[in-house]
Amino acid sequence: MSKIGKPKVERYDAPSGGWGSARSVTEIVLRERVPLKSGALLTRQNKHGGFACVSCAWAKPGKPHPLEFCENGAKATAWEVTSKRCGPEFFAGHSLTELRGWRDYDLEEVGRLTHPLRYDAASDRYRPVSWAEAFADIGAELKALDPDSVIFYASGRAALETSYLYQLYARLYGTNNLPDSSNMCHESTSVALPKSIGVTVGTVTLNDFDQADCLLFFGQNPGSNSPRMLHDLQEARKRGAPIITFNPLRERGLETFVNPQSPVEMLTDHPTQISTQYHQLKPGGDIAALAGMCKALLTADDLALEQGQPAVLDHAFIAEHCHGFAEFCEWLQRQEWPQLERQSGLTRSALEAAAAVYGRRQKVIGIYGMGLTQHRHGVETIQMLTNLLLMRGNIGKPGAGICPVRGHSNVQGQRTVGITEKPELAPLEQLGERFGFTPPQDKGRNTVEACEGILDGSVKAFIGLGGNFLRAIPETSLMEPAWRTLRLSVQIATKLNRNHLVPADKAYLLPCLGRTEIDRQNGVEQAHSTEDSTGCIHGWRGVAEPPEGDLLSESAIVAGLAKATLPDNPKVTWDAWVADYALIRDEIALSFPEIFHDFNARMWEVGGFHRPLPAAKREWKTETGKANLIVPRSLDADPDMPASGRDVLTLMTLRSNDQFNTTIYGYHDRFRGVKGTRAVLLMNRNDIERLGLAEGDKVQVSTVADDGVRREVGPLRVTPYNIPEGACGGYYPECNALIPLWHHAEGSKVPAAKAIPVRLNKLIVANDGGFPVEPEGYGAQY
Ligand SMILES: Nc1nc2c(c(=O)[nH]1)N[C@H]1C(S)=C(S)[C@@H](COP(=O)(O)OP(=O)(O)OC[C@H]3O[C@@H](n4cnc5c(=O)[nH]c(N)nc54)[C@H](O)[C@@H]3O)O[C@H]1N2
Ligand SMILES: Nc1nc2c(c(=O)[nH]1)N[C@H]1C(S)=C(S)[C@@H](COP(=O)(O)OP(=O)(O)OC[C@H]3O[C@@H](n4cnc5c(=O)[nH]c(N)nc54)[C@H](O)[C@@H]3O)O[C@H]1N2
Ligand SMILES: [Mo]
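Note that the structure is predicted; figures quoted are calculated from it, not measured.

J.: Lay out the overall build of the protein chain in plain terms, naming residues and giving numbers.
T.: Scanning the protein chain from terminus to terminus reveals 31 helices and 34 strands. Taken against the 2.2 N^0.38 rule, which gives 28 Å for 782 residues, the C-alpha radius of gyration of the protein chain at 25 Å falls within 12% of a compact globule. Each of the 782 residues in the protein chain was classed as buried or not, and the buried ones make up 67%. By sequence separation, contacts in the protein chain at least 24 residues apart represent 79% of the contacts at least 6 residues apart. Entry remark: accessible area of the protein chain is about 27000 Å², with carbon and sulfur atoms responsible for 51%. For the protein chain, the distance from the average site of its 84 positive side-chain charges to the average site of its 93 negative ones is 4 Å.

Structure (structure tokens):
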């Protein structure tokens, strides 16, 4: 197993980016023994004709920087093009029981999967199997099952071409059970925005970022999760645009930044201050904070009009474009400041200060991430942010808009080409006509519903197009044993992860090419495409040689499975599609002509092509035909879990700077000063003292919910941090065992991973020789 330095927690005062970032990239390139040729590959990342970064979904500019990648994008590439291998010899030497004792980090560090594998229960090992046999057996299993009992999950990476084939496969088979990682992520956005402004995605492009004169930042951590965005933030600051941040934690990337690609900045270490106001609100305090800002604007507007001054609100826009304004104002007037202060954890004067800056600026973008989407009332929180923007006409004009920062590099695109459990979002009629079948009309299962089905036995099989489902979902301690009752699990993956080690009756692990790699079909190099966070679609080509072994492209695997499962259909030409991905793009263009017409030509436009976004042109595809101001039901974002009792804290689960979701690159969360461990609980000093604890104590953390389920994670090291009283922070995925499956956003069913009421139990350990690198929170039953 890997060696990890001695655990340490210390203050990190350096800016984000800078030398720390450069060092961190060098470390991983060396550790992964990235072949020298592939090192040069980073220069092709996010470039026209190069390959799309496999990390985040941030926009890819038409005029890229010389090196258009960031610390974490470089780590993601090194992780994929590693020269380490995880082949049949490895599995011959290790049983699944043994491997379940390994850390997530060590599992993926073994290297790339190289051969198709089938679980052999007698020896408790994965054994090599031929593709033909794997496809035939999986197909036979699926034919015997009710399509409604099968889940077709996608994790957000696979390209548009593969994703289109995947949804077609599921629908031809007979189900809309197409959950996506987006169900744990920005589904709250896709439910909130259609009601507010009639689009499922954000309205801004990089062009708007170039013009904005103020940015509002809610619950998104660009320093770790979308570092290339720091360039755009830095540019905005240089233009004098204020950035107002709402985040319980002080995140380094939102404080200061040194551009690691600017020699002058690197040598002078002269950082740009990012946030001009930083409001450390309570987790889930956003509805109240936004209501406070809206109320302050309304009051200022009344006063201005009374005194014959220019209005603060954009009354012309509201009159022409909005619905529900009067009702929203009445609601705002009824809100009392003491209540808004209590719920948000911010003072009236702080909220008025934020509103004052916002009220003076003409082109404002509202940016947000998991801090808003992962709450019980996540959908309403996003609608409140939209309300604030609408009050001053900040949707549908250059330099302004709403900007959900998506996660996986093609998660938005997967939804666009039909990976969705909601039949109304897929072009079912067109698919039915084109391919001569009757598509399933019933709503499919989303992620939480898939989990419920696994628990109650109604789900019998799971196909995973990437991802680490079992580790990413809540309720780990119930879900892991339930997974073993599945009839079939098929995982299409690049690296070994914990989900692969919990076998179903029949379990297959199928190795695929990564996006950085050259995908040759019949000797011809294929291109593929993705959609970024700003609705921009780009074509790409892999540039690295794929690992030696017996791997297939994701599209070839999906087609192989489909052919073995489905009856022959002359209109469904799997072989031709896999031989030439351009033909798949022709099908995508036929299914979604408005977005993808002339797809094969337009995908190579410099900077990509944009999908039409009616809201960006002030066309509102809502039921009222207007942009709707929506009144929230309460100020509390998590009313299903009232944090009662002085000893109850609200836990937020967070990503470190050294991970991509469940992929752990290392144990240094540089920006937060945490080194060599993920077993930490970030706490306010006053809470530490009040609860009779001390820095370095080990605690067992348990969820406060009286539903009879025991949910515990620990030991975690008590770690003082700049975080509001009553809140604490721990890492995802280690803390997922603490999230009840039923604690999810209403409307979108995104697990509410940012507000879990917990109690701490101090552990008395006789020989306190340090603390572990990772806590236990799962697998205790094995
Ligand atoms: N390197 C790297 N890049 C990634 C990922 C990764 O794991 N590593 N993951 C990718 C994926 S799939 C996604 S979805 C994105 C996720 O990127 P983010 O949206 O940034 O997600 P998180 O890291 O979960 O944290 C969100 C931020 O919300 C804050 N927060 C928590 N609770 C609240 C709250 O109640 N209100 C407010 N206002 N803030 C709150 C946290 O302090 C944190 O700064 O990043 C993507 N990019
Ligand atoms: N507590 C808590 N839970 C969360 C979150 C949180 O903030 N807090 N965030 C949620 C969010 S936003 C998301 S998006 C989900 C993420 O959930 P998932 O998308 O399911 O998880 P990942 O960790 O991104 O998946 C990593 C695995 O994908 C496989 N993989 C990597 N690249 C490829 C590829 O190119 N092709 C294929 N086929 N496989 C590949 C590798 O085997 C790797 O082990 O987790 C959610 N869970
Ligand atoms: Mo995500």
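J.: Could you give an account of the packing of aromatic side chains, with specific residues and numbers?
T.: All chains considered together, the criterion is met by 24 aromatic pairs. Where Phe-90 meets Trp-102, the ring centres are 5.8 Å apart and the plane angle is 75°; that geometry is what we call edge-to-face. Pair noted here: Phe-90 is in helix α4 (residues 88–92) and Trp-102 is in the loop between α5 (96–99) and α6 (104–109), with a separation of 12 residues, a long-range link. The buried category is assigned to Phe-90, whose relative accessible area is 13%.

J.: Lay out the side chain of Thr-420 with the relevant residues and their values.
T.: Assignment of secondary structure puts Thr-420 in the loop between α21 (411–416) and α22 (428–435). Its relative accessible area of 2% is what places Thr-420 among the buried residues.

J.: Can you break down the site of ligand 1 residue by residue, with the values?
T.: Taken together, 30 residues form the shell around ligand 1, and within it Glu-251, Gly-284, Asp-286, Gln-659 and Asn-661 come nearest. Between ligand 1 and the protein, one listed contact pairs a nitrogen atom with a backbone N or O atom of Ser-224 at 2.9 Å. For ligand 1, an oxygen atom lies 2.5 Å from a polar atom in the side chain of Glu-251. Against a free-state accessible area of 920 Å², the protein chains account for coverage of 99% of ligand 1. Mapped onto the shell around ligand 1, the elements with two or more residues apiece are α11 (222–225), α19 (370–373), β25 (649–654) and β26 (659–660). Its residues placed into classes, the shell around ligand 1 shows 11 nonpolar, 15 polar and four charged. Three or more residues apiece are contributed to the shell around ligand 1 by two domains, here domain 2 (187–261 + 269–405) and domain 3 (649–781).

J.: So what's going on with the layout of surface pockets? Which residues, and what values?
T.: Quantified by volume, the largest pocket comes out at close to 710 Å³. Thr-200, Thr-416, Leu-425, Ile-595 and Arg-611 are, among the 25 residues lining the largest pocket, the residues nearest its centre. Breaking the lining of the largest pocket down by element, the ones donating at least two residues are α9 (187–197), α21 and α29 (593–596).

J.: Which residues make up the sheet that holds strand β22 (residues 536–541), and what are the values?
T.: In space, the three strands of this open sheet follow the order β21-β22-β23, with antiparallel pairing throughout. The open sheet has two edge strands with one neighbour each: β21 (527–531) and β23 (609–610).

J.: Account for the packing of helix α7 (residues 131–143) against helix α26 (residues 554–565), with residues named and values stated.
T.: For the pair α7 and α26, interaxial distance at closest approach is 7 Å and the crossing angle is 50°. With respect to each other, α7 and α26 are oriented oblique. α7 and α26 meet at a crossing whose hand is right-handed. On α26, the residues that touch Trp-131, Phe-135, Ala-136, Ile-138, Gly-139, Leu-142 and Lys-143 of α7 are Ala-556, Ile-557, Gly-560, Leu-561, Ala-564 and Thr-565. In terms of residue class, the contact of α7 with α26 is built from nine nonpolar, three polar and one charged.

J.: Break down the environment of Ala-426 for me, with residues and values.
T.: Here Ala-426 lies in the loop between α21 and α22. When the C-alpha positions of Ala-426 and Asn-176 are compared, they lie 9.5 Å apart, and in sequence the two are 250 residues distant. With near-sequence residues (within four places) excluded, Ala-426 lies in contact with Arg-171 and Thr-420.

J.: I'd like a rundown of the site of ligand 2, residues and numbers included.
T.: Taken together, the neighbourhood of ligand 2 is formed by 34 residues, with Glu-108, Glu-554, Thr-662, Tyr-732 and Asn-736 sitting nearest. Tyr-153 places a side-chain nitrogen or oxygen 2.7 Å from an oxygen atom of ligand 2. A distance of 3.0 Å separates an oxygen atom of ligand 2 from a polar backbone atom of Gly-467. Taken by itself ligand 2 offers 930 Å² of open surface, and the protein chains cover 98% of this. For the shell around ligand 2, the secondary structure elements donating two or more residues are α24 (469–472) and β17 (488–493). Of the residues assigned to the shell around ligand 2, the class counts are 14 nonpolar, 14 polar and six charged. For the shell around ligand 2, the two domains that each supply at least three residues are domain 1 (85–181 + 410–522 + 543–569) and domain 3 (649–781).

J.: Which residues make up the UniProt feature "domain: Molybdopterin dinucleotide-binding" (unreviewed entry) in the protein chain, and what values do they have?
T.: Those places that UniProt annotates as "domain: Molybdopterin dinucleotide-binding" (unreviewed entry) correspond, in this numbering, to residues 649–754. Helix makes up 6% of residues 649–754 and strand 36%, whereas the separation of the span's terminal C-alpha atoms amounts to 12 Å.

J.: Can you explain the sheet that holds strand β29 (residues 674–675)? Please cite residues and give values.
T.: The strands making up a sheet associate through backbone hydrogen bonding, with each pair oriented either parallel or antiparallel. Strand order in this open sheet of three strands is β1-β29-β28, and the pairing throughout is antiparallel. Only two strands of the sheet have a single neighbouring strand rather than two, namely β1 (8–9) and β28 (668–669). In this structure, β1 lies alongside β29, joined through two bridges in antiparallel fashion. Its bridge partner being in β29, Val-9 is matched across the sheet by Val-674.

J.: Go over the pairing of strand β34 (residues 756–763), please, and point to the residues and values.
T.: Strand direction decides the pairing type here: β25 and β34, joined by three bridges, are antiparallel. Looking at the pairing, Leu-649 lines up with Val-758 of β34. Pairing of strand β31 (residues 698–703) with β34 involves six bridges; the strand directions are antiparallel. Residue Gln-700 lies in a different strand from β34, and its bridge partner there is Asn-761.

J.: Please provide a residue-by-residue account of helix α12 (residues 229–238), values included.
T.: For α12, a buried count of eight out of 10 residues is recorded, marking the element as mostly surrounded by other parts of the structure. Among the residues making up α12, those that are buried are Met-229, Leu-230, His-231, Asp-232, Leu-233, Gln-234, Ala-236 and Arg-237. Where α12 terminates, the next one or two residues include Gly-240, which has phi positive at roughly 90°.

J.: Please give an account of the domain arrangement of the protein chain that cites residues and values.
T.: How big an interface is tends to be stated in terms of the accessible area lost upon association of its parts. Each assigned domain of the protein chain is listed with its residue range as follows: domain 1 (85–181 + 410–522 + 543–569), domain 2 (187–261 + 269–405) and domain 3 (649–781). Distance from the C-alpha centre of domain 2 to the C-alpha centre of domain 3: 29 Å. On the domain 3 side, the residues contacting the 24 residues of domain 2 number 25 residues. When the two sides are added together, the surface that domain 2 and domain 3 hide from each other amounts to roughly 2100 Å², 58% of it contributed by carbon and sulfur. The largest share of the area that domain 2 buries against domain 3 comes from Leu-249, Gln-374 and Arg-376, three residues that together contribute 32% of it. For the pair domain 2 and domain 3, the interface holds two salt bridges. Put simply, Glu-746 and Arg-376 hold a salt bridge, and the shortest N to O gap is 3.2 Å. Summed over the shared surface of domain 2 and domain 3, the result is nine residue pairs in polar contact (both at pLDDT 80 or more). Contributions of two or more residues to the side of domain 2 that touches domain 3 are made by α9, α11, α19 and α20 (378–391).

J.: So what about α7? Which residues, and what values?
T.: Spanning 13 residues, α7 covers 18 Å between terminal C-alpha atoms, matching the ideal 18 Å at 1.5 Å per step. For α7, the complete set of buried residues consists of Trp-131, Ala-134, Phe-135, Asp-137, Ile-138, Gly-139, Glu-141 and Leu-142.

Thresholds applied
Residues numbered from 1 in each chain as written. Chains lettered and ligands numbered in written order. Predicted model: local features only at pLDDT ≥ 70, side-chain atom pairs only at ≥ 80, totals over all residues. Heavy atoms only, no water. Helix = DSSP H or I, 4+ residues; strand = E, 2+ residues; numbered from the N terminus. Rg over C-alpha atoms; globule rule 2.2 N^0.38 Å. Buried < 20%, exposed > 50% of the residue type's maximum accessible area, 1.4 Å probe, protein only. Contact = heavy atoms within 4.5 Å. Areas by Shrake-Rupley, 256 points an atom, 1.4 Å probe, with all protein chains shown as cover. Lys, Arg positive; Asp, Glu negative; His and termini not counted. Charge placed at Lys NZ, Arg CZ, Asp CG, Glu CD. Phe/Tyr/Trp six-rings, centres within 6.5 Å; stacked < 30°, edge-to-face > 60°. Near = heavy atom within 4 Å. Polar contact = N/O pair within 3.5 Å; in protein donor to acceptor, adjacent residues only side chain to side chain. Nonpolar A, V, L, I, M, F, W, Y, C, P; charged D, E, K, R; others polar. Domains from an automatic or database assignment. 1 Å grid on protein atoms, 1.4 Å probe; cavity = no way out; pocket = protein on both sides within 12 Å on 5 of 7 lines; lining within 4 Å. Points joined across faces, edges and corners; volume = space filled by probe spheres on them. Pairing = 2+ DSSP bridges. Axes fitted to C-alpha atoms, helices over the stretch in contact; angles between N-to-C directions. Parallel < 35°, antiparallel > 145°, perpendicular 65-115°, else oblique. Left-handed = near helix turned anticlockwise from the far one by under 90°. UniProt positions renumbered as here; feature names shortened; annotations may be inferred. Buried area = accessible area lost by both parts, 1.4 Å probe. Salt bridge = Lys/Arg side-chain N within 4 Å of Asp/Glu carboxyl O. Expected span 1.5 Å × (residues − 1).

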